[in-house]
Amino acid sequence: MATEERAYRNAYATMLYMGTPRDYEFYVATRVMLRSLTGLGVEADLIVIASLDVPLRWVRVLEQEDGAKVLRVQNLNNPYQDQSNFDRRFKLTLNKLYAWSLVDYDRVVMLDADNLFLQKSDELFQCGQFCAVFINPCIFHTGLFVLQPSMEVFNDMKKELKRGRENPDGADQGFICGYYPDLLDRPMFHPPPNGTKLDGTFRLPLGYQMDATYYYLRLRWSVPCGPNSVITFPGAPWLKPWYWWSWPVLPLGISWHEQRRQTLGYVEEIPAVLIQFATYLGIIVMTRLARPNFSKLCYRRSENHISLIQAGLKVIAVWSIVASYIVPFFIIPHTLHPLPAWTLYLFGSFALCSIAINAFLLPMVPVLVPWFGIFGSLLVMAFPWYSDGVVRALAIFGYAFCAAPFVWIAIVKVMASLQVSLEREAFFPRLGESSPPPGFNKLY
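Under an unreviewed UniProt entry, the chain has the name Glucuronosyltransferase PGSIP8 and belongs to Carya illinoinensis.

Trainee: Now, about the overall build of the chain: what can you tell me, with residues and values included?
Mentor: For the chain, the helix and strand inventory stands at 12 helices and 10 strands. Its C-alpha radius of gyration of 28 Å places the chain more than 25% over the 22 Å reference for a compact globule of 444 residues. Overall, the C-alpha framework of the chain stretches about 95 × 45 × 45 Å when taken along its three principal axes. Looking at the 444 residues of the chain, the share that counts as buried comes to 49%. Summarising the internal contacts of the chain: among those between residues at least 6 apart in sequence, 71% fall at separations of at least 24.

Trainee: Which residues make up the packing of aromatic side chains, and what values go with them?
Mentor: By the definition in use, this model includes 38 aromatic pairs. On the basis of an interplanar angle of 25 degrees and a centroid distance of 6.3 Å, the ring pair of Phe175 and Tyr179 is categorised as stacked. Here Phe175 and its partner Tyr179 are both found in helix 4 (residues 172-179), 4 residues apart, which amounts to about one turn of the helix. We note that Phe175, like Tyr179, is buried. Look at Phe329 and Phe330: their rings are 5.3 Å apart centre to centre, the planes differ by 75 degrees, and that puts the pair in the edge-to-face class. The exposure class assigned to Phe330 is exposed, which follows from its relative accessible area of 57%. Through a chain of ring-to-ring contacts, the aromatic side chains of Phe26, Trp238, Trp242, Tyr243, Trp244, Trp245, Trp256, Phe329, Phe330, Trp342 and Tyr345 assemble into a single cluster.

Trainee: Before we move on, could you go through the sheet that holds strand 10 (residues 230-232) and cite the residues and values that matter?
Mentor: Ordered in space as 5-10-9, the 3 strands form an open sheet in which the pairing is mixed. Edge positions in the sheet fall to strand 5 (115-117) and strand 9 (210-211), since each has one partner strand and no second. Bridge analysis of strand 5 against strand 10 gives 3 bridges, and the strand direction is antiparallel. Pairing of Leu116 across the sheet is with Ile231, part of strand 10.

Trainee: Which residues make up the nonpolar core, and what are the values?
Mentor: Tyr12, Leu37, Val48, Val109, Leu111, Leu144 and Leu204 are the most contacted members of the largest nonpolar core, which totals 91 residues. Broken down by element, the residue count for this core peaks at 11 residues, all from helix 10 (residues 338-359). Those residues within four positions of Leu111 in sequence are excluded, and the remaining contacts are Tyr12, Ala13, Thr14, Met15, Met33, Leu37, Phe117, Gly143 and Leu144.

Trainee: Residue-level account of the state of the cysteines, with values.
Mentor: Applying the stated criterion to the full structure yields 1 disulfide. At a sulfur-sulfur separation of 1.9 Å, the disulfide partner of Cys127 is Cys131. An S-S torsion of about -105 degrees defines the bridge between Cys127 and Cys131 as left-handed. You'll find Cys127 and Cys131 in the same group, each marked buried. In this structure Cys177 is a free cysteine whose sulfur lies 11 Å from that of Cys138, the closest cysteine sulfur available. Residue classification places Cys177 among the buried positions, given a relative accessible area of 16%.

Trainee: Summarise the packing of helix 9 (residues 306-331) against helix 10; cite the residues concerned and give the values.
Mentor: One way to put it is that helix 9 packs onto helix 10 with a least axis distance of 8 Å and a crossing angle of 155 degrees. The orientation of helix 9 relative to helix 10 falls into the category roughly antiparallel. The two elements helix 9 and helix 10 meet at a crossing, and its hand is right-handed. Mapping the contact onto sequence places Ser320, Ile321, Ala323, Ser324, Tyr325, Val327, Pro328 and Phe329 in helix 9 and Tyr345, Gly348, Ser349, Leu352, Cys353 and Ala356 in helix 10.

Trainee: Summarise the sheet that holds strand 2 (residues 45-51); cite the residues concerned and give the values.
Mentor: Reading across from one edge, 3-2-1-4-7-6-8 is the order of the 7 strands in this open sheet, with mixed pairing throughout. In this open sheet, the two strands that pair with only one neighbour each are strand 3 (69-73) and strand 8 (201-204). Mean inter-strand twist for the sheet, computed between neighbouring axes without regard to direction, equals 25 degrees. Sheet topology note: the strand 4 (residues 107-111)/strand 7 (residues 141-147) ladder contains 4 bridges and is antiparallel. The residue of strand 7 that forms the bridge with Val108 is Leu147. This element, helix 1 (residues 23-39), spans strand 1 (10-16), strand 2 and strand 4 of the sheet and lies at about 165 degrees to strand 1. Each of strand 1, strand 2 and strand 3 touches helix 2 (residues 56-64); the most contacted strand, strand 3, lies at about 150 degrees to it.

Procedures and definitions
Residues numbered from 1 in each chain as written. Predicted model: local features only at pLDDT ≥ 70, side-chain atom pairs only at ≥ 80, totals over all residues. Heavy atoms only, no water. Helix = DSSP H or I, 4+ residues; strand = E, 2+ residues; numbered from the N terminus. Rg over C-alpha atoms; globule rule 2.2 N^0.38 Å. Buried < 20%, exposed > 50% of the residue type's maximum accessible area, 1.4 Å probe, protein only. Contact = heavy atoms within 4.5 Å. Phe/Tyr/Trp six-rings, centres within 6.5 Å; stacked < 30°, edge-to-face > 60°. Pairing = 2+ DSSP bridges. Core = buried A, V, L, I, M, F, W, Y, C linked by side-chain atoms within 4.5 Å. Disulfide = S-S within 2.5 Å. Axes fitted to C-alpha atoms, helices over the stretch in contact; angles between N-to-C directions. Parallel < 35°, antiparallel > 145°, perpendicular 65-115°, else oblique. Left-handed = near helix turned anticlockwise from the far one by under 90°.

Next up, the structure:
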């Protein structure tokens, strides 16, 4: 979806680099943010600062389909990676400094990929040489900031890197905060009504970087300073909004996926979803048809080994049930929409549970109690009419408290049924006794 070429004097920029376990997810997040900016009709270029090892296929997609201009750069060396508190996932975030080298533009709004734009925010280009939001009372956030490109500043920053300027976190956040230490004392940005650009440094209103955690307390936005324009998700990396499991654990995840549905879509995930669905359906059908013969195993064993065999089969049975709830979670495409993803997870865990149920002649309901518990927890978390986040948290805790006894009873029943099943003669027929009925499967 290439955009019409125009000579803009301002740009929205983001960065993309390789070397983390979540490269593809951030690539998708970048595409969704670019598409959303285009959809809002922003009057600015879209720039992606991409390291040289970003796949060319991704670069072509960003340029030809998403309308971005890709600037390929050499990764800046991070001199802080040997610090004791250094997080390896931030090793290449200093590439963000390349934003100051975009001297073809008057102003650049530098963005992290986890920004969710609610409305057009081009008035940010009226801000001064550097502007950022304080989502922490004393430290501004580098997930969104405005800058005036300058090769002088860019070269000075690189010199500071070589000198080893103090950086508490070893990432872009600590370095840029140290480079602009007096921003807290600067005035608040208010865009001039005549559209002129300001000089100097300014604090941006919180409405330009609404931390998602603020939402979860009241379950609505209540940010009085500045337009409520941009949501940011600076929390745990595995709960970023593009991960399907982030909703309904965190209610705002569905907002990001709704934006993706309207812009990028989910074409790339559909083949994997169809394959998994067909596989699970086949497992359910085959295990049901094979049930009469599934558990009739024949072993060459002596009496003193029967307890050892039973113990081994118990371990296999228990782990097969546990795996039924774990395996589907990890093989679902991580960036799938939460609604089909949770549906596929529940269907997959049911299908895999059916293997243990039919192989070990276990009662269905106790084995599926965790399945019903997970389904119920999703309904409790997704309930849309809580008055605030505290009530929601209490409801989730109450549900977990009430569900725990049922899970314990189900575990006891499964273990008891498993013991009964393993002690049946049908499970351990003695060699040399009467021939088994037709269809008996001998496994040696």
